[in-house]
Amino acid sequence: MRDISLYIHIPFCKSKCIYCAFYSEAGIEQKVGQYITAVVNEISSYALDAGQFAVESIFIGGGTPSYIDPEYILKILDACRKYFRINPDCETTVEANPGSLDVDKLAAYKGAGVNRMSIGIQSVFDPLLEFLGRSHKAESWKSTLEMIRKAGFSNVNTDLIFGIPGQTAQMWEETLKLISGEGIPHISCYSLEPEKGTRLEEMYHAGVVEIPSEDLEREMYYTAKNILRHSGYIHYEISNFAFPGFECSHNIRYWKTREYIGLGAGAHSYYGGY
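Residues numbered from 1 in each chain as written. Predicted model: local features only at pLDDT ≥ 70, side-chain atom pairs only at ≥ 80, totals over all residues. Heavy atoms only, no water.

Asks: Pulling in residues and values, what's your account of the environment of Thr223?
Replies: By secondary structure assignment, the location of Thr223 is in helix 9 (residues 214-230). Residue classification places Thr223 among the buried positions, given a relative accessible area of 18%. Spatially, the C-alpha atoms of Thr223 and Trp172 are 8.3 Å apart, while their sequence positions differ by 51 residues. Setting aside residues no more than four positions away along its own chain, Thr223 makes contact with Trp172, Glu173 and Leu176. (Helix = DSSP H or I, 4+ residues; strand = E, 2+ residues; numbered from the N terminus. Buried < 20%, exposed > 50% of the residue type's maximum accessible area, 1.4 Å probe, protein only. Contact = heavy atoms within 4.5 Å.)

Dropping the structure here:
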């Protein structure tokens, strides 16, 4: 048996963030059913080879997977089980945003074998969230986390962004202390960049926004390293920090250049040497 991982891309969002360079779409909810059928068909295309694999992680990313009806996530996971051998301890992650989750969705995920949630908090300050084009309010992150924990999820990641125009070193430090103070076992810290093709890049080149200096951006990065290390987190990958035992096995697979199959419109694979 060869071990492998599956990445499944769900491109649907409530709205498009100004910094997002991934393929995603807003306002085409009528296409969700067709898209999920296409993804299930793509999964089935591996039927002849799937028997040789044992799946050790599944990552359903986006877009915003939690934006669509949970029945579609269940259909995808059912197809994975049908065509692949899934390890009993398979790490299965679903990405979500505050405001796009509810008790019923979380119960459906849990019942389908999802055992890890990744939440795009990004910031705990409303002006920064509004600038980024996020659709949730800062106050919602705590209630979202509480809901996730009540649903029985102990393995949780949160995504945070630093280097946002208007974000001070003090704001970033406060964000890190608030999030780490909740004992969230995995925290990802990403530096904001005006990626090619994004609205943020257009605003930057038009002189509408000013990106924080490289010195400030690096100061924020080392602030994250210091605060999270002193809070018990292991800095196991450039942008990722985790309590011991909560390192993301899916992330580690990428860094160790081990095989994975990407499924969906914005996914790529490293499979069979290609």
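Asks: Any chance you could break down the side chain of Glu259 for me, citing the residues and the numbers?
Replies: Structurally, Glu259 can be placed in the loop between helix 10 (249-255) and strand 11 (260-263). A residue is classified by how much of its surface remains accessible, and Glu259, at 15% relative accessible area, is buried. Within the local environment of Glu259, its side chain forms a polar contact with the side chain of Arg2, the two groups lying 2.6 Å apart. For Glu259, the residues in contact, after removing those within four places along its chain, are Arg2, Ile4, Ser5, Phe53, Arg253, Tyr270, Tyr271, Gly272 and Gly273. (Polar contact = N/O pair within 3.5 Å; in protein donor to acceptor, adjacent residues only side chain to side chain.)

Asks: Describe the side chain of Glu237, with residues and values.
Replies: Tracing the backbone through its elements, the reader meets Glu237 in strand 9 (residues 234-237). Despite its burial, Glu237 remains without a salt bridge, the nearest opposite charge being carried by Arg116 at 9.5 Å. Within the local environment of Glu237, its side chain forms a polar contact with the side chain of Trp255, the two groups lying 3.0 Å apart. (Lys, Arg positive; Asp, Glu negative; His and termini not counted. Salt bridge = Lys/Arg side-chain N within 4 Å of Asp/Glu carboxyl O.)

Asks: Give a description of the pattern of salt bridges that names residues and reports values.
Replies: What the rule picks out here adds up to 13 salt bridges. Two residues, Lys137 and Glu130, come together in a salt bridge whose shortest N-O distance is 3.5 Å. It is possible to trace a salt-bridge network through shared partners that takes in Asp3, Glu56, Arg253 and Arg258.

Asks: So, empty space enclosed by the protein: which residues are in play, and what are the values?
Replies: For the coordinates displayed, the defined rule picks out one cavity of 30 Å³ or more. Within this model, the largest cavity holds a volume of roughly 40 Å³. The wall of the largest cavity is formed by Ile119, Ile121, Trp141, Thr144, Leu145, Val156, Asn157, Thr158 and Ile184. At the level of elements, strand 6 (116-122), helix 6 (140-150) and strand 7 (156-162) are the ones that each hand at least two residues to the lining of the largest cavity. (1 Å grid on protein atoms, 1.4 Å probe; cavity = no way out; pocket = protein on both sides within 12 Å on 5 of 7 lines; lining within 4 Å. Points joined across faces, edges and corners; volume = space filled by probe spheres on them.)

Asks: Requested: an account of the sheet that holds strand 9, with residues and values cited.
Replies: Hydrogen bonds between backbone atoms are what pair the strands of a sheet, whose relative direction is either parallel or antiparallel. The strand order 9-10-8-7-6-5-4-1-11 describes an open sheet built from nine strands, whose pairing is mixed. Of all strands in the sheet, those with a lone pairing partner are strand 9 and strand 11, marking the two edges. On average, each strand axis in the sheet is inclined to that of its neighbour by 20°, with strand direction left out of account. Taken together, the six bridges between strand 4 (residues 53-62) and strand 5 (residues 85-96) define a ladder with parallel strand orientation. Each bridged residue has a counterpart across the sheet, and for Phe59 the counterpart in strand 5 is Thr93. This element, helix 1 (residues 32-44), spans strand 1 (2-10) and strand 11 of the sheet and lies at about 165° to strand 1. (Pairing = 2+ DSSP bridges. Axes fitted to C-alpha atoms, helices over the stretch in contact; angles between N-to-C directions.)

Asks: Give a description of the packing of helix 1 against helix 3 (residues 70-83) that names residues and reports values.
Replies: Between two packed helices, what matters for the description is the angle formed by their axes and the separation of those axes. As a packed pair, helix 1 and helix 3 sit with axes 9 Å apart at the nearest point and diverge in direction by 10°. Judged by the inter-axis angle, helix 1 sits roughly parallel to helix 3. Of the residues in helix 3, those in contact with Val32, Gly33, Ile36, Val39, Val40, Ile43 and Ser44 of helix 1 are Tyr72, Lys75, Ile76, Ala79, Cys80 and Tyr83. Classifying every residue of the contact of helix 1 with helix 3 by side-chain character gives 10 nonpolar, two polar and one charged. (Parallel < 35°, antiparallel > 145°, perpendicular 65-115°, else oblique. Nonpolar A, V, L, I, M, F, W, Y, C, P; charged D, E, K, R; others polar.)

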